[in-house]
Amino acid sequence: MITGTTKLLGVIGYPIAHSLSPVMHNSAIGHLGMDYVYLPLPVKPENLSQAIEGFRAIDLQGFNVTIPHKQAILPLLTEVSAIAHAVGAVNTVWWTGHHWAGTNTDVAGFVAPLKAGERDWSQATAVVLGNGGAARAVVVGCQHLGFANIHVVGRDRQKLHAFQSSWLPGNDSGQTESTCVPVPFIHTWEALPHLLPQADLLVNTTPIGMHPHDRASPLDATLVALLSARITVYDLIYTPRPTQLLHQAQAQGAAALDGLEMLIHQGGAALQLWLQHPAPIEVMRQSLLDYLQL
Ligand code: NAP
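Since the model is a prediction, treat every value here as computed from it, not as a measurement. (Residues numbered from 1 in each chain as written. Predicted model: local features only at pLDDT ≥ 70, side-chain atom pairs only at ≥ 80, totals over all residues. Heavy atoms only, no water.)

(A) Quick look at the overall build of the protein chain. A tally of regular secondary structure across the protein chain gives eleven helices and twelve strands. Taking 294 residues into account, the globule formula puts the C-alpha radius of gyration at 19 Å, and the protein chain, at 19 Å, falls close to it. Nonlocal contacts in the protein chain, meaning residues at least 24 apart in sequence, comprise 69% of its contacts between residues at least 6 apart. For the protein chain, the computed accessible surface area is about 13400 Å², with 55% contributed by carbon and sulfur atoms. (Helix = DSSP H or I, 4+ residues; strand = E, 2+ residues; numbered from the N terminus. Rg over C-alpha atoms; globule rule 2.2 N^0.38 Å. Contact = heavy atoms within 4.5 Å. Areas by Shrake-Rupley, 256 points an atom, 1.4 Å probe, with all protein chains shown as cover.)

Pasting the structure below:
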């Protein structure tokens, strides 16, 4: 129940109507019986700094950050975690009592289902399709899991080179955290026939196959046939479930992971930061499955 004492949390983005975070967080808060509410907060890009000042004025306790503010918010925060610097984006902000601090829980969200299995990923090879914002969190996640080789596949050579240079020593990336994390190799899509047979993990960070393009897949039948029996295929998309790519991978005998787990676990990590209490992951998962009618 929302009362006069209820504390405020939320998510900023523009547009924000599509966000699933209010469903998942309010279900979790209700389950825990804690006196918080989580609101969708539409903030236009030109109003970002004004909104952050306003949040202090209304005593907002913390908030998630989504497109288009994930990078733009960095200079507005007093404290930014090493992991958010490595990704180059913030998705979770909290008030420390003195200032706004930000981090990136997409990395924790991405690695959670990979850590849940028995598999040891150290020395493994990852192939990442796409070189946008989500791919950055995926690369940092793979670095944290100890992958020996991370191959990033994109369609635009210029963007690929910019992506790779951001990881080189001297740039504000994962290199600041450790000197021995692998810099991703970059490739265009033509390299996939060579890359796929050696991959232990394939991650789709492109929107190919996302609803309403349910039948689309980033891999055609010839490329799917090159997936090794040991591979795990991880699609960051969560609708449809499974995606065409995961359907193909499972038919090939591969292990499959979808984006719902990443979404739930990045939310769980954020909620834990705000409430200083473990997040009810199963409640969050069920709320999304119910809401999405999956
Ligand atoms: P983004 O920054 O726009 O990056 C998308 C990437 O996909 C870019 O590299 C883009 O290439 C590439 N791409 C787009 N269409 C393509 C096509 N037809 N062929 C080849 N490459 C294509 O988006 P993002 O924020 O990284 O998000 C990407 C996906 O991940 C979305 O489906 C999103 O829903 C999902 N995601 C899921 C979670 C989760 O929690 N599960 C979290 C974040 C994102 P160019 O740069 O050349 O355009």
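So much for the structure itself; the text now carries on.
(B) Local environment of the pattern of salt bridges. Across all of its chains, the model carries seven salt bridges by this definition. For Lys70, the salt bridge goes to Asp106, with nearest N and O atoms at 2.8 Å. Of this pair, Lys70 sits in the loop between strand E3 (62-65) and strand E4 (79-80) while Asp106 is found in helix H4 (residues 106-116), placing the two residues 36 residues apart along the sequence. A single burial state applies to Lys70 and to Asp106, both of which are buried. Linking Asp200 and Arg119 is a salt bridge whose minimum nitrogen-to-oxygen distance equals 3.3 Å. Here Arg119 lies in the loop between H4 and strand E7 (125-129) and Asp200 lies in the loop between helix H7 (192-195) and strand E10 (201-204), a separation of 81 residues in the sequence. Members of the salt-bridge network, linked through shared partners, are Arg119, Asp200 and Arg230. (Salt bridge = Lys/Arg side-chain N within 4 Å of Asp/Glu carboxyl O. Buried < 20%, exposed > 50% of the residue type's maximum accessible area, 1.4 Å probe, protein only.)

(C) A look at the packing of aromatic side chains. In total, this model carries seven aromatic pairs according to the counting rule given. Following the ring pairs from residue to residue traces out a cluster consisting of Phe55, Phe63, Trp95 and Trp100. One Lys or Arg, Arg56, reaches over the ring of Trp95 and ends 3.7 Å from the middle of that ring. The side chain of Arg56 reaches across the aromatic face of Trp100, ending 5.9 Å from its centre. (Phe/Tyr/Trp six-rings, centres within 6.5 Å; stacked < 30°, edge-to-face > 60°. Lys NZ or Arg CZ within 6 Å of the ring centre and 35° of its normal.)

(D) Representation of the sheet that holds strand E8 (residues 149-154) within the structure. In space, the six strands of this open sheet follow the order E9-E8-E7-E10-E11-E12, with parallel pairing throughout. What marks the edges here is a single partner per strand, and that holds for strand E9 (185-188) and strand E12 (255-258). Geometrically, the sheet is characterised by an average inter-axis angle of 20 degrees between neighbouring strands, direction not taken into account. Where E7 meets E10, four bridges bridge the pair, whose relative direction is parallel. Opposite Val128, over in E10, you have Val203 as the bridge partner. On the sheet, helix H6 (residues 157-165) packs against E8 and E9 and is oriented at approximately 170 degrees with respect to E9. The strands touched by helix H9 (residues 244-251) are E10, strand E11 (232-235) and E12; relative to E11, the strand with the most contacts, the crossing angle is about 170 degrees. (Pairing = 2+ DSSP bridges. Axes fitted to C-alpha atoms, helices over the stretch in contact; angles between N-to-C directions.)

(E) Quick look at unusual backbone geometry. The linkage connecting Tyr14 with the following residue, Pro15, adopts the cis geometry, with an omega of 0 degrees. In this model, Ile67 is joined to Pro68 through a cis peptide bond whose omega is 10 degrees. Its place among the elements puts Pro68 in the loop between E3 and E4. If you check the backbone angles, Gln123 has positive phi at about 75 degrees while not being a glycine. Within the secondary structure layout, Gln123 lies in the loop between H4 and E7. Phi is positive for Gln293, which is not a glycine, with a value near 55 degrees. If you trace the backbone, Gln293 turns up in the segment after helix H11 (281-291).

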